[in-house]
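Summary of the model geometry
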Amino acid sequence: MMVRSTWSIIALAMAVSGCSTSAPEPVPSIATETALGRHALQTPAHVVPGRLEYAPDNSTFAPILTERFPYPTQADANAAYLRWIDAAAPGRSYPSAVRLFGCKPGAVDAQTARVTRYRGPVVHCATDLLDGDGRRLRRETVNVYYHRSAWTMQPLDPPRAPVAWRDREGSPRDIWRWLPGRSRYQ
């Protein structure tokens, strides 16, 4: 009886594992790769405040850059946005294009709104979402990272309200803080 139940469990596991196999990814053509934003990783030659920086192929970066680092160009950001729309829920209406406003290295955590630096090309950008006529609808923060020869966009909704202090507690006071030699950080 034990051998029979073991074989039935193995057969069930093999049947279920066959369902999880995925089809191989289609190989995109070179024209499709260029249209979707598969470009070389580009870094501005130098960052000067108040000056627009250009990539080696004469495409523009965001107008505000904080330091010399690999950033997506405006064309790369739009290609990443179009890929994100294709992967997002169908049936919703989305703005037609994006325009990068300012970028800084690191990714914004969606829960804590803190910026974390990574070794690879990961930046967060203030992004203008544009309608069909090129008018700005709103400005949002997005994380953009370079993976598999393409920039990928990750929209996020960080908290905008300050965290309320719990029970409105005051800081503890040391009545002996005026004595010399006492640590100020007790």
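Refer to the preceding data block for the structure.
This report concerns the structure included in the present document. Because the structure is a prediction, the values reported are computed rather than measured. (Residues numbered from 1 in each chain as written. Predicted model: local features only at pLDDT ≥ 70, side-chain atom pairs only at ≥ 80, totals over all residues. Heavy atoms only, no water.)

With respect to the overall build of the chain
Across its full length, the chain carries three helices and seven strands. For the chain, the succession of helices and strands along the chain, N to C, is α-α-β-α-β-β-β-β-β-β. Of all 186 residues assigned to the chain, the portion counted as buried reaches 26%. Counting only contacts in the chain whose residues sit at least 6 apart along the sequence, the fraction spanning at least 24 positions is 50%. Carbon together with sulfur atoms contributes 57% to the accessible area of the chain, which is approximately 13800 Å² in total. (Helix = DSSP H or I, 4+ residues; strand = E, 2+ residues; numbered from the N terminus. Buried < 20%, exposed > 50% of the residue type's maximum accessible area, 1.4 Å probe, protein only. Contact = heavy atoms within 4.5 Å. Areas by Shrake-Rupley, 256 points an atom, 1.4 Å probe, with all protein chains shown as cover.)

Notes on a nonpolar patch on the surface
Judged by side-chain polarity, Ile175, Trp176, Trp178 and Leu179 come together as a nonpolar surface patch covering roughly 480 Å² of accessible area. Position of Ile175 among the secondary structure elements: in the segment after β7 (150-155). Residue classification places Ile175 among the exposed positions, given a relative accessible area of 61%. (Patch = residues over 30% accessible without salt bridge, like charges linked within 9 Å, V, L, I, M, F, W, Y side chains within 5 Å. Salt bridge = Lys/Arg side-chain N within 4 Å of Asp/Glu carboxyl O.)

Regarding the pattern of salt bridges
Here the structure, examined in full by the defined rule, presents seven salt bridges. Between Glu67 and Arg117 there is a salt bridge, with its nearest N and O atoms 3.3 Å apart. Note that Glu67 is positioned in the loop between β1 (64-65) and α3 (74-87) and Arg117 in the loop between β4 (115-116) and β5 (122-130), a separation of 50 residues in sequence. Accessibility expressed as a relative area gives 48% for Arg117, which makes it partly exposed. A salt bridge links Asp128 to Arg136; the nearest nitrogen and oxygen atoms lie 3.7 Å apart. Judged by its relative accessible area of 3%, Asp128 falls in the buried class. One continuous salt-bridge network, built from bridges that share partners, spans Arg99, Asp128, Arg136 and Arg139.

Looking at the sheet that holds strand β2 (residues 97-105)
Taken together, five strands build an open sheet; the order of strands is β1-β2-β5-β6-β7 and the sheet is mixed. This sheet does not close on itself; its edge strands, each paired only once, are β1 and β7. Bridge count for β1 against β2 is two bridges, and the pairing is parallel. Across the sheet, Ile64 pairs through a bridge with Gly102, a residue of β2. Against the sheet, α3 contacts β2, β5 and β7, and its axis sits at roughly 60 degrees relative to β7. (Pairing = 2+ DSSP bridges. Axes fitted to C-alpha atoms, helices over the stretch in contact; angles between N-to-C directions.)

Quick word on the state of the cysteines
Simply put, the disulfide is a covalent bond whose two ends are the sulfur atoms of two cysteines. Per the stated rule, a full pass over the model turns up one disulfide. One disulfide in the model links Cys103 with Cys125; its S-S distance is 2.1 Å. Measuring the twist about the S-S bond at about 110 degrees, one finds the Cys103-Cys125 disulfide to be right-handed. In this pair, Cys103 sits in strand β2 while Cys125 sits in strand β5, placing the two residues 22 residues apart along the sequence. Residue classification places Cys103 among the buried positions, given a relative accessible area of 3%. (Disulfide = S-S within 2.5 Å.)

Focus on unusual backbone geometry
Glycine aside, negative phi is the norm for most residues, and most peptide bonds take the trans geometry. Backbone geometry at Asn58 places phi at a positive 70 degrees, although glycine is not the residue there. Here Asn58 shows up in the loop between α2 (30-35) and β1. The class of Asn58 is exposed, set by a relative accessible area of 63%. A positive phi angle, near 55 degrees, is found at Arg148, a position not held by glycine. Note that Arg148 resides in the loop between β6 (136-147) and β7. Assessed through its relative accessible area of 58%, Arg148 is described here as exposed.

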